[in-house]
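Reading the structure
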Amino acid sequence: MVFDRDDIAAAIPPEARLGGRIEVQGGSLFDLAPEGADIYLVIRVSHNWTDDDCIRILRSCRAAMTPGARLLIVEQILEPDPALGRPSGYRVDTHMMAMFGAARERTESDFGERLRSSVFVLERAIQAASPTGSWRQLRSEQRACAAQCRRPPWCS
């Protein structure tokens, strides 16, 4: 399923839905994510939002998830020390703050804090080749990742 804003969902033509194998639904992650998926894949979403809004989005996903479901997050990760990071990552960070106020790129530690606040367990972060995330696990100096998270078994 592709879940995105109503205008984005409406723009996906039927012929792009693999003969009906891809369902498209419009809505907002601030309300509630669709329930019952095995995997929730959130790509390049959190950098648009404040820390509190990120936690709201993560909690919406968590509320929709059944035991055993996974949350995969694909985002750019900043190095805590700008001298060690890629200049493009900090440029994007500055742009996000200028365009959206408190929105920003985050460090791995920042993501960990948001995930813990949303009652997720970060299982691993995979460094990817692209600073904006990638589907493949590759060695790279760039700090992008796919984070694999799960609901703790005690979470209801």
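Residues numbered from 1 in each chain as written. Predicted model: local features only at pLDDT ≥ 70, side-chain atom pairs only at ≥ 80, totals over all residues. Heavy atoms only, no water.

**Considerations on the pairing of strand β3 (residues 39-43)**
Regular strands have side chains that alternate between both faces of the sheet. What counts, and what does not: Exposed residues in this analysis have more than 50% of their type's maximum accessible area, buried residues have under 20%, and partly exposed residues fall in between, with area computed by a 1.4 Å probe over protein chains only. Working definition: helices are DSSP H or I runs of at least four residues, strands are E runs of at least two. Numbering for both runs from the N terminus. One requirement defines pairing of two strands: DSSP has to find at least two bridges between them. Orienting the strands away from the viewer, one traces the path from the first strand over the helix to the second; a clockwise path indicates a right-handed crossover.
What you see with β3 is a clean split: Y40 and V42 sit on the buried side and I39, L41 and I43 on the side with no burial. The pairing of β3 with strand β4 (residues 70-78) spans five bridges and is classified as parallel. Residue pairing across strands places Y40 opposite L71, the latter belonging to β4. With respect to chirality, the unit in which β3 leads through helix α2 (residues 51-64) into the neighbouring parallel β4 is right-handed.

**So, helix α4 (residues 108-117)**
Buried within α4 are the following residues: D110, F111, G112, R114 and L115. The first or second residue beyond α4 is V119, which carries a positive phi of 60 degrees.

**Focus: the nonpolar core**
We count it as follows: In this description, a nonpolar core means a group of buried Ala, Val, Leu, Ile, Met, Phe, Trp, Tyr and Cys residues linked to one another through side-chain atoms lying within 4.5 Å. Two residues qualify as a contact provided that any one of their heavy atoms is within 4.5 Å of a heavy atom in the partner residue.
Counting twelve residues, the largest nonpolar core consists of A33, Y40, V42, L58, C61, A64, M65, A69, L71, I73, L115 and F120. Residue assignment for this core shows that the elements contributing at least two residues are β3, α2 and β4. Here this core gets three residues from one element, more than from any other, and that element is α2. Excluding its chain neighbours within four sequence positions, the residues that come into contact with Y40 are A33, P34, E35, A64, M65, A69, R70, L71 and L72.

**A few points about empty space enclosed by the protein**
Convention followed: A 1.4 Å probe that fits but cannot get out identifies a cavity on a 1 Å grid over protein atoms alone, an open set with protein on both sides within 12 Å along at least five of seven lines counts as a pocket, and a residue lines either if it has an atom within 4 Å of a point. Grid points are joined across faces, edges and corners, and a volume is the space filled by probe spheres set on the points. We call Asp, Glu, Lys and Arg charged. Ala, Val, Leu, Ile, Met, Phe, Trp, Tyr, Cys and Pro are nonpolar, and the rest, Gly among them, are polar.
Applying the stated rule across the entire model yields two cavities of 30 Å³ or more. Reported here for the largest cavity is a volume of approximately 120 Å³. At the level of elements, α2, β4 and α4 are the ones that each hand at least two residues to the lining of the largest cavity. Per-element accounting of the lining of the largest cavity gives the leading share, four residues, to α2. The residue makeup of the lining of the largest cavity, split by class, is nine nonpolar, one polar and three charged.

**What to know about the packing of aromatic side chains**
What characterises a pair of aromatic rings is the spacing of the ring centres plus the angle enclosed by the ring planes. Note the threshold: Side-chain rings of Phe, Tyr and Trp, where Trp is taken by its six-membered ring, are said to pair if the distance between their centres is within 6.5 Å; with planes under 30 degrees apart they count as stacked, over 60 as edge-to-face, and otherwise as tilted.
This structure, assessed with the given rule, holds one aromatic pair. Aromatic side chains F30 and W49 sit 4.8 Å apart centroid to centroid with 85 degrees between the ring planes, which places their arrangement in the edge-to-face category. Here the residue F30 occupies a position in the loop between β2 (24-26) and β3, and W49 occupies one in the loop between β3 and α2, the gap between them amounting to 19 residues. Classification of F30 as partly exposed rests on a relative accessible area of 22%. Judged by its relative accessible area of 31%, W49 falls in the partly exposed class.

**With respect to the layout of surface pockets**
Volume-wise, the largest pocket comes out at about 770 Å³. Lining the largest pocket are 27 residues, and of these F3, D4, L29, L41 and V45 sit closest to its centre. Elements supplying a minimum of two residues to the lining of the largest pocket: β1 (2-4), β3 and α2. Here the lining of the largest pocket is built from residues that sort into 19 nonpolar, four polar and four charged.

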